[in-house]
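Residue-level structure breakdown
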Amino acid sequence: MRTPASRILVVCALLSFGAEAFALDLSWVHNSGPIAVSLSTKPAFPLKVSANNRYLVDRDGAPFLMVGDSPQSLIGNLSEDEAAAYIANRERYGINALWINLLCNAGTGCRSDGATADGLVPFTVPADLSRPNPAYFRRADNMIRLADKRGMVVILDPIETVGWLATLRANGVAKAYGYGQYLGSRYRDVPNIIWMHGNDFRSWQDSDDRSLVQAVAQGIRDADLNHLHTVELNFLTSGSLDDPSWRPLIDLSAAYTYFPTYAQILTEYNRTDHKPVFLVEANYEFEHNAGTDGGTTQNLRRQEYWTMLSGATGQLYGARTWRFDKGWEKELDSRGVIELSYMRNLFVHRKWHDLVPDRTHTVTIDGYDWLSEHIAKLAAYLGSCRVSTFVQGLFSKFRGFTHFGSIATNTYAPTARTADGSLVIVYFPTNRPITIDMSKLAAPATARWYDPTNATYRPAARSPLINGGVRRFSPPGSNSAGDGDWVLLLETNPADQVQAARGRF
């Protein structure tokens, strides 16, 4: 969830002590390439895990690149017509996943009693998990169906732990399990669902709270064998497998971080017991929570490309619209979501699922910024659930004064390469030279620069290039936004790359 700034300040303090509204206004974009995209082939839901346990595939085995949004309060705050308009808008940008909370109360921007905007309450007896209100859940069904029609998977949180943990405690394990069974039975044949538990689950280390949340998960799994599960733990950075007790219950690892995203993604990717990893939450557009770097468009781009070149099966974007406060319609067609679609278009037309992160720097051998890489890894460790709250508190104070581990100041350049040597992609956060070992390519390569701010390409000098020796690459000046970040593509046969990128997205 998005924790209000005041709440994060409190947490850090405690740790230190132990159809006009939807009009597309793109007047600021000039010659920027295609904006609107569509889902060319609807995925065959439900989703599964690939044979190598690295990415998601649909029912037919086609790779599924998750490009998501986070309208967490959609069921609670929107009518069905508003939800349909919102989902249609997101389809324009190639979004194929939506994080939605099945229950929403004041903890995540809805009403205190959990009612919808027109008064449907989730339980016929207030807060009694054994008394679900059929009318409320029919409303939820309809909204999930709207997403399915647009080819979108719903990452559905059955009882998120910011606003509803107290309800779980009041009901106990048996009712929690029964609620899970109700949901599993109700939704087992609804194809477009991934179950996600937790949500800023700060007390996941408390055995009683963990048992309650896992009882819901187990109840769902016992009635529903068709869907994947994951869990979001806690900020400032975490991965689902930080809590090994979740391993038997989940199929997908959710990375949650306010640090440079590659650090947590690679932590999950490098686990010996790894599961496919996606970025569930990071900085949101139009937000700047205390103790974070905020969701500027440049920060969002860094989060996105760091994630995709570190082994993720995808990611969720987010914006202030997750709460659907008054005027939310005016923020839909933002620069952040447009640039997200540019990122999506770059990867989805290539063999993204075959990319392996260059963890040992055998492809990019110089200029990747060793110092930034290791600062981010250390910062992520110190800010994670894996250290004591005392250490976290000290680190929070240190970070506040020094910006140690900041996204905005981190200039690490990630690289990924396909195993067959047909494709290398490098993200340059800043304009500087980087040295590449060209022998890691299988054949002479076409080299191009991709501008992540307007989706245009520029040829690199003297391309095509032989696949031997080392070569230094420097970006072609500032990008269209006046920033220094670019993406370098080295492709042995660009046409073959696009042809080989079969899959549904």
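Relevant structure appears above.
Described in the following lines is the structure provided in the data block.

What counts and what doesn't
- Residues numbered from 1 in each chain as written.
- Predicted model: local features only at pLDDT ≥ 70, side-chain atom pairs only at ≥ 80, totals over all residues.
- Heavy atoms only, no water.
- Helix = DSSP H or I, 4+ residues; strand = E, 2+ residues; numbered from the N terminus.
- Expected span 1.5 Å × (residues − 1).
- Buried < 20%, exposed > 50% of the residue type's maximum accessible area, 1.4 Å probe, protein only.
- Core = buried A, V, L, I, M, F, W, Y, C linked by side-chain atoms within 4.5 Å.
- Contact = heavy atoms within 4.5 Å.
- Pairing = 2+ DSSP bridges.
- Axes fitted to C-alpha atoms, helices over the stretch in contact; angles between N-to-C directions.
- Right-handed = clockwise from strand over helix to strand, strands pointing away.
- Parallel < 35°, antiparallel > 145°, perpendicular 65-115°, else oblique.
- Left-handed = near helix turned anticlockwise from the far one by under 90°.
- Nonpolar A, V, L, I, M, F, W, Y, C, P; charged D, E, K, R; others polar.
- Phe/Tyr/Trp six-rings, centres within 6.5 Å; stacked < 30°, edge-to-face > 60°.
- Lys NZ or Arg CZ within 6 Å of the ring centre and 35° of its normal.

Concerning helix α8 (residues 297-308)
- Given a rise of 1.5 Å per residue, 12 residues ought to cover 16 Å, and the 17 Å separating the end C-alpha atoms of α8 matches this to within 8%.
- Where burial is concerned, most of α8 is hidden: 11 out of the 12 residues are buried.
- Every buried residue of α8 is accounted for by T297, N299, L300, R301, R302, Q303, E304, Y305, W306, T307 and M308.

Focus: the nonpolar core
- Counting residues in hydrophobic clusters, the biggest one holds 106 residues, and the most contacted among them are Y179, F347, F473 and L490.
- Considering every element that reaches this core, the biggest residue donor is helix α9 (residues 335-348), with 8 residues.
- Look past the residues within four positions of F473 in its chain and what remains in contact with it is F428, R432, P433, I434, I436, M438, A447, W449, L465, L488 and L490.
- L252, A254, Y284 and A379 belong to the second largest nonpolar core, which has 27 residues in total.

Brief notes about the sheet that holds strand β21 (residues 486-491)
- If you walk across this open sheet you meet the 6 strands as β13-β15-β16-β21-β18-β19, and the pairing is antiparallel. Of all the strands in the sheet, just β13 (355-357) and β19 (456-459) have a single pairing partner and so form its edges. Pairs of neighbouring strands in the sheet enclose a mean axial angle of 25°, with direction left out of account.
- Contacts from α8 reach β16 (423-428), β18 (446-451) and β21, with the element oriented near 155° to β16.

Points about the pairing of strand β8 (residues 228-232)
- Extensive coverage of β8 is indicated by the burial of 5 of its 5 residues.
- Side chains L228, T230 and E232 of β8 all project onto a buried face; the interleaved residues H229 and V231 project onto the opposite face, where all are buried too.
- Bridging between strand β7 (residues 193-198) and β8 involves 5 bridges; their strand directions are parallel. Counted as the bridge partner of H197 is V231 from β8.
- In terms of handedness, the path from β7 via helix α6 (residues 207-223) over to β8 forms a crossover that is right-handed.

A look at the packing of helix α7 (residues 261-269) against α8
- One way to put it is that α7 packs onto α8 with a least axis distance of 8 Å and a crossing angle of 25°. Overall, the two elements α7 and α8 adopt an arrangement that is roughly parallel. Here the hand of the crossing between α7 and α8 comes out right-handed. The segment α7 lies against α8, with T261, Y262 and I265 engaging R302, Q303, W306 and T307.
- For the contact of α7 with α8, the class distribution of residues is 3 nonpolar, 3 polar and 1 charged.

Looking at the side chain of N479
- Mapped onto the secondary structure, N479 falls in the loop between β20 (470-473) and β21.
- Since its relative accessible area comes to 5%, N479 is described here as buried.
- In contact with N479, other than residues within four places in its own chain, are R301, D451, T453, G484, D485 and W486.

Things to note about the packing of aromatic side chains
- In the structure shown here, the tally under the stated rule is 19 aromatic pairs.
- Centre to centre, the rings of F123 and F137 are 6.5 Å apart; their planes meet at 65°, and the pair counts as edge-to-face. Of the two residues, F123 sits in the loop between β5 (97-101) and α4 (134-149) while F137 sits in helix α4, which places them 14 residues apart along the sequence. Judged on exposure class, the residue F123 and its partner F137 are both buried.
- Measuring from centroid to centroid gives 5.3 Å for Y136 and F137, while their planes differ by 75°, and the two rings are edge-to-face.
- For F137, a relative accessible area of 0% corresponds to the buried category.
- Three or more aromatic residues joined by ring pairs form one cluster here, namely F123, Y136, F137, W164, Y179 and Y182.
- Sitting over the face of the ring of Y457, R448 holds its NZ or CZ atom 4.2 Å from the ring centroid.

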